[in-house]
Amino acid sequence: MIVLDGVGKTYPGGTVAVESLDLDVPRGSLVCLVGPSGCGKSTTLKMVNRLIEPTTGRIVLDGEDVTSIDPVQLRRRMGYVIQQVGLFPHRTILDNVGTVPEMLGWKKAETQARCEELMSLVGLDVDEFARRYPHQLSGGQRQRVGVARALAADPPVLLMDEPFGAVDPVVRGRLQDEFRELQQRLGKTIMFVTHDIEEAVRIGDAVAVFEQGGRLAQYDTPAAVLGAPADEFVASFVGADRGLRRLAVTPIDECDLVRAPMVHVDDTLAQARQRMAAEDARWAVVLDGQEDLRGWVSVEGVTGDGSVRDRVSRMEAFVSRDAALKDAMATMLQHDAGWVAVLDGSRLVGVLTPDSLHTALRRSVRADDEGLQPRDVELEQAGPVRT
């Protein structure tokens, strides 16, 4: 979708902002450009829409060399979002979102309908926010407006320059999650500049790591950048704790799940005691007749007579099977739990323990090192859960 072929920028006086850069951004992908301040990542972004003219090379958009066309027309084919948002202070939020459609000559009714649709899409209630002005919004709300405005004319490409850098960490994390979900729904091709490697690996399909002088040090998947840095610079930039960051981009794989002791909701307490004793377990998950998870019981909870149904405790520590290992670890820590249930809907797939989380991370790292799929990596397997 976007191809940079030998693109470079050298300023008068000989300062090289971007070295000869080759970069291929596939259609529908979100590529993060990351690196220290002054490494050329924002310059690269601005060369794509020709806010800065490249000194050398070609920039190809959907098969067309855009270095030779009218830059104003080019920019109208791309959404552009910056950290400061750049909303017009004297215009309402609805009018701000409709800026580009108005410039393109859309009919008023068509523009309004599109703006209202996008405000809802980014989580801004139309009745509440449409007639407000930028100074009446929080920083996170202004960022949402900026994203809506960039999407207004339905451009195939979005360029985003540290769009969430000016908001507090809690809001920033929420915006990242919501933006990633939005991207998966819309399928835009996005180049996203950030100085934060954690943000890059959290939201990017691919990460381009720049070093000083505008040299591309590595361009790969988030897991590969974290697990197999191309050189000492990349290793230093992603940090010594890259193994922990890797948890955020490593999905839960069923090969890393362990089998939990199981009883059924209609079992007697005597049956539950017998089963848990046979597995030397101090707890068990409780399933119903459809093998859906209903909760858990402890060995202390199944004393006496009666049914498991009367002793089952609510399950608090669980994640979806499509979650990342970081989600599982966070849930485990949040609930001070020794294990986390992994669910497909309400069906129990297995559980993760601290040991199996560690095994999963080792498997992911080894897979990248050996060029294998994680499930093809041979590691010592965790056995049944023991407590």
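Scroll up to find the structure this text is about.
Residues numbered from 1 in each chain as written. Predicted model: local features only at pLDDT ≥ 70, side-chain atom pairs only at ≥ 80, totals over all residues. Heavy atoms only, no water.

## Quick look at the sheet that holds strand β1 (residues 2–10)
Next up, step 1: Pairing within the open sheet is antiparallel, and its four strands lie in the order β2-β1-β4-β5. Only two strands of the sheet have a single partner each, and these edge strands are β2 (16–25) and β5 (64–65).
Next up, step 2: Summarising the sheet, β1 and β2 pair through six bridges and their orientation is antiparallel. For T10, the partnering residue across the bridge sits in β2 and is V16. (Pairing = 2+ DSSP bridges. Helix = DSSP H or I, 4+ residues; strand = E, 2+ residues; numbered from the N terminus.)

## What about helix α7 (residues 139–151)?
Next up, step 1: End to end, α7 covers 19 Å across 13 residues, agreeing with the expected 18 Å (1.5 Å per residue, within 8%).
Next up, step 2: Where burial is concerned, most of α7 is hidden: ten out of the 13 residues are buried.
Next up, step 3: Residues of α7 that are buried: G140, Q143, R144, V145, G146, V147, A148, R149, A150 and L151.
Next up, step 4: Lining the buried residues of α7 we find β6 (78–82), α3 (93–97), α4 (99–103), α5 (108–121), β7 (157–161) and α8 (169–186). (Expected span 1.5 Å × (residues − 1). Buried < 20%, exposed > 50% of the residue type's maximum accessible area, 1.4 Å probe, protein only. Contact = heavy atoms within 4.5 Å.)

## Structural notes on the pattern of salt bridges
Next up, step 1: In total, this model carries 23 salt bridges according to the counting rule given.
Next up, step 2: Note that R215 and D231 form a salt bridge whose closest N and O atoms lie 3.3 Å from each other. Taken together, the residues span a long stretch of sequence, with R215 in strand β10 (residues 215–220) and D231 in the loop between α10 (222–227) and α11 (232–238) at a distance of 16 residues.
Next up, step 3: The network of salt bridges with common partners includes R114, E117, D154 and K188. (Salt bridge = Lys/Arg side-chain N within 4 Å of Asp/Glu carboxyl O.)

## Regarding helix α1 (residues 41–48)
Next up, step 1: Of all eight residues in α1, six are buried, a share of seventy percent or more.
Next up, step 2: Along α1, the positions that sit buried rather than exposed are K41, T43, T44, L45, M47 and V48.
Next up, step 3: One or two residues past the end of α1 sits R50, with phi positive at roughly 60°.

## Things to note about the sheet that holds strand β14 (residues 318–320)
Next up, step 1: On the basis of which strands lie adjacent, the open sheet formed by three strands has the order β14-β15-β16 and mixed pairing. Taken across any chain shown, the strands that pair with only one partner, and hence form the sheet edges, are β14 and β16 (347–352). Averaged over all pairs of adjacent strands, the angle between strand axes in this sheet comes to 35°, irrespective of strand direction.
Next up, step 2: With respect to the sheet, helix α14 (residues 325–334) is in contact with β14, β15 (340–344) and β16, its orientation differing from that of β14 by roughly 165°. (Axes fitted to C-alpha atoms, helices over the stretch in contact; angles between N-to-C directions.)

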